[in-house]
Amino acid sequence: MDIAALNDRVASQADLIQQVKVEMGKMIIGQEYMLDRLLIGLFTGGHILLEGVPGLAKTLTVETLSKVVGVSFKRLQFTPDLLPADILGTVIYYQKTGEFVTKQGPIFHNIILADEINRAPAKVQSALLEAMQENQVTIGENTYPLAQPRSEERRVGKECRSR
């Protein structure tokens, strides 16, 4: 793609970006730099590291952004007792039906705010970083892409790829 075509594409989306900024400005005051960086991360499919002292509205800003663009949001508080299954999900056996059902974890939301990752055990950090890098997670024997819409439960073997 040449630079002229890229400029045309950016110009065509400028109104949308401005609308997002206006809506965000109704809730978030004085955080234009952070908002611009969040939008860059959102549009490029990247990850953002937010740093700052408590009380700077980091969580409120990310949650508001998810509401404005109409996607799901989840805040994860990382603690020393967290397990990889707590963020990825797990396979549950339902005795009545005799079926295994995958219960997806919060990682399947569109926007995740992972708070204080450094407090989590190494295995949890590794699971999160793998999900971020590979854009998929493995639960049981199945691999699930993170790009699919979130649902509370999926039957094992349906809408997933075997490992």
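Structure: above.
Residues numbered from 1 in each chain as written. Predicted model: local features only at pLDDT ≥ 70, side-chain atom pairs only at ≥ 80, totals over all residues. Heavy atoms only, no water.

Asks: Any chance you could explain helix 1 (residues 3-25) here in plain terms?
Replies: Each α-helix turn comprises 3.6 residues. Residues three or four places apart therefore point the same way. Given a rise of 1.5 Å per residue, 23 residues ought to cover 33 Å, and the 31 Å separating the end C-alpha atoms of helix 1 matches this to within 8%. Along its length, helix 1 shows its largest kink, about 40°, at Ala14. (Helix = DSSP H or I, 4+ residues; strand = E, 2+ residues; numbered from the N terminus. Expected span 1.5 Å × (residues − 1). Bend = angle between axes of the 7 residues up to and from the residue.)

Asks: Help me understand the layout of surface pockets in this model?
Replies: Which parts of space are left empty comes out when a probe the size of a water molecule is rolled across the atoms. The space that makes up the largest pocket amounts to roughly 1,300 Å³. His47, Ile48, Ile111, Ile112 and Leu113 are, among the 37 residues lining the largest pocket, the residues nearest its centre. In terms of residue count, strand 4 (residues 111-115) provides more of the lining of the largest pocket than any other element does, five residues in total. The class makeup of the residues in the lining of the largest pocket is 22 nonpolar, 11 polar and four charged. (1 Å grid on protein atoms, 1.4 Å probe; cavity = no way out; pocket = protein on both sides within 12 Å on 5 of 7 lines; lining within 4 Å. Points joined across faces, edges and corners; volume = space filled by probe spheres on them. Nonpolar A, V, L, I, M, F, W, Y, C, P; charged D, E, K, R; others polar.)

Asks: Where do I start with the pattern of salt bridges in this structure?
Replies: Scanning the entire structure with this criterion turns up five salt bridges. Two residues, Lys67 and Glu63, come together in a salt bridge whose shortest N-O distance is 4.0 Å. On the criterion of helical spacing, the pair formed by Lys67 and Glu63 is a turn pair, its members being four residues apart in helix 3 (residues 58-69). Looking at Lys67, the relative accessible area reads 62%, which means it is exposed. Residue Glu63 is classed as partly exposed on the basis of its relative accessible area of 29%. Asp115 is paired through a salt bridge with Arg75; the nearest N and O atoms lie 2.6 Å apart. Of this pair, Asp115 sits in strand 4 while Arg75 sits in strand 1 (residues 73-77), placing them 40 residues apart in sequence. Judged by relative accessible area, Asp115 falls into the partly exposed class, the value being 24%. Taking the relative accessible area as the measure of exposure, Arg75 reaches 34% and is therefore partly exposed. (Salt bridge = Lys/Arg side-chain N within 4 Å of Asp/Glu carboxyl O. Buried < 20%, exposed > 50% of the residue type's maximum accessible area, 1.4 Å probe, protein only.)

Asks: Help me understand the nonpolar core, please; the structure alone is not making it clear to me.
Replies: As a rule of thumb, nonpolar side chains are buried together in soluble globular proteins. Membership of the largest hydrophobic core comes to 16 residues, with the highest contact counts inside it found for Phe78, Ile87, Ile107, Phe108 and Val137. The set of elements that each furnish at least two residues to this core consists of helix 4 (84-88), helix 5 (122-134) and strand 5 (136-139). Considering every element that reaches this core, the biggest residue donor is helix 5, with four residues. When neighbours within four sequence positions are excluded, Ile107 is seen to be in contact with Ile87, Leu88, Ile112, Leu128, Ala131, Val137 and Leu146. (Core = buried A, V, L, I, M, F, W, Y, C linked by side-chain atoms within 4.5 Å. Contact = heavy atoms within 4.5 Å.)

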